[in-house]
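# Inside the fold
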Amino acid sequence: FKLTGTLTVSNSTFSGNSATDDGGAIYIANGSSTTTVTNSIFSGNSGRRGAGLFGLGTVTVTNSTFNGNSATLYGGGLFNQGTTTVTNSTFYNNRVTVYRQSNGGAITISGGGETRIIHSTFSGNQGKYIYGRGDAIYHVTGAPLLLANNIVSSNGPNESCYTTSGNVTEVNSLISSGNCGGTLAGDPLLVGLADYGGPANTFALGPDSPAIDAAYPAYCPADDQRGQSRPYG
């Protein structure tokens, strides 16, 4: 659906929606809008940009999963032109498919406003194979980018995370490739997307994963994506 005002989405599922233009499931058409998504699932949606969610303005996504969404141009799961915060969320198997320079298999962020991505997992996402950039995250703005306690790994053959920002803060994230940094290294040993409790499917970590107990406490939300308390501090 198309909206021009404030939108709050909670405990909802958007599946199998399509659009010939932007925003297969949700299209936010007002640059001064505020969109908040919590405990929700975007699965199997398609569109030109932001197949799951297309935003113009402030977008906050928490405890949500974007899975199997497909855009023809930018942002298989999420596209926003504005301030963006993603916390405790999973982006799996989202992609962009048609144009030679289709980018941002999971997320594309443009325009002004800070981007903060915290305690989230990106796996199996892909931009266009030839000339694509940012198989998971494509951040094309000079605004600040914060990446903290994330796993961005096992995505397509292009850079997993690409940014044009000169103001990037990366803290204890495992980012397999690209120019966004990456404090941690190695295979995160993700155990397949499944129901481990909570509102949506999530990944678990294998017993020898370098991401276990590696999060920086200052950027740890009190609960994880399942709503379970984190065992830190």
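Heads up: the structure comes first, above all this text.
Each value, and the rule that gives it
Residues numbered from 1 in each chain as written. Predicted model: local features only at pLDDT ≥ 70, side-chain atom pairs only at ≥ 80, totals over all residues. Heavy atoms only, no water. Helix = DSSP H or I, 4+ residues; strand = E, 2+ residues; numbered from the N terminus. Rg over C-alpha atoms; globule rule 2.2 N^0.38 Å. Buried < 20%, exposed > 50% of the residue type's maximum accessible area, 1.4 Å probe, protein only. Contact = heavy atoms within 4.5 Å. Areas by Shrake-Rupley, 256 points an atom, 1.4 Å probe, with all protein chains shown as cover. Lys, Arg positive; Asp, Glu negative; His and termini not counted. Charge placed at Lys NZ, Arg CZ, Asp CG, Glu CD. Pairing = 2+ DSSP bridges. Polar contact = N/O pair within 3.5 Å; in protein donor to acceptor, adjacent residues only side chain to side chain. Phe/Tyr/Trp six-rings, centres within 6.5 Å; stacked < 30°, edge-to-face > 60°.

### What to know about the overall build of the protein
In terms of helices and strands, the protein carries zero helices and 25 strands. What you see for the protein is a C-alpha radius of gyration of 16 Å, in line with the 17 Å of a compact globule of 233 residues. The dimensions of the protein, computed from C-alpha atoms along their principal axes, are 45 × 35 × 30 Å. Within the protein, the proportion of its 233 residues that are buried is 50%. Across the protein, the fraction of contacts at a sequence separation of at least 24, relative to all contacts at a separation of at least 6, is 68%. As displayed, the protein offers around 9200 Å² of accessible surface, 46% of which is attributable to carbon and sulfur atoms. Across the protein, the mean location of the 10 positive side-chain charges is 12 Å away from that of the 12 negative side-chain charges.

### Some remarks on the sheet that holds strand β7 (residues 46-49)
Two strands in a sheet stick together by hydrogen bonds in their backbones, pointing the same way (parallel) or opposite ways (antiparallel). Reading across from one edge, β7-β10-β14 is the order of the three strands in this open sheet, with parallel pairing throughout. Where the open sheet ends on each side, the last strands, each with one partner, are β7 and β14 (95-96). As paired strands, β7 and strand β10 (residues 70-74) are joined by three bridges and run parallel to one another. Bridging across to β10, S46 finds its partner in S70.

### Considerations on the environment of Q225
Inspection of the secondary structure assignment puts Q225 in the segment after β25 (202-205). Taking the C-alpha atoms as reference points, Q225 and S89, 136 residues apart in sequence, are found 6.5 Å from one another. Those residues in contact with Q225 that lie beyond four places of it in its chain are N63, S64, T65, N88, S89, T90, P199, N201 and T202. There is a polar contact of 3.2 Å between the side chain of Q225 and the backbone oxygen of S64.

### Here we look at the pairing of β10
Within a regular beta strand, the side chains point alternately toward one face of the sheet and then the other, so they alternate between its two faces. Taken together, the two bridges between β10 and β14 define a ladder with parallel strand orientation. Bridge pairing in β14 places A71 opposite V96.

### A few points about the packing of aromatic side chains
Inspection of every chain in the model, using the stated rule, returns ten aromatic pairs. Judged by centre distance (4.9 Å) and plane angle (5 degrees), the ring pair of F91 and F122 falls under stacked. Taken as a pair, F91 in strand β13 (residues 90-92) and F122 in strand β17 (residues 121-123) lie far apart in primary sequence, 31 residues in all. Residue F91 is classed as buried on the basis of its relative accessible area, which comes to 0%. A relative accessible area of 0% places F122 in the buried class. A centroid spacing of 5.5 Å and a plane angle of 75 degrees characterise the contact between Y92 and F203, whose relative ring orientation is edge-to-face. Of this pair, Y92 sits in strand β13 while F203 sits in strand β25, and the two are 111 residues apart along the sequence. An aromatic cluster is present here, built from F14, F42, F66, F91 and F122 joined pairwise through their rings.

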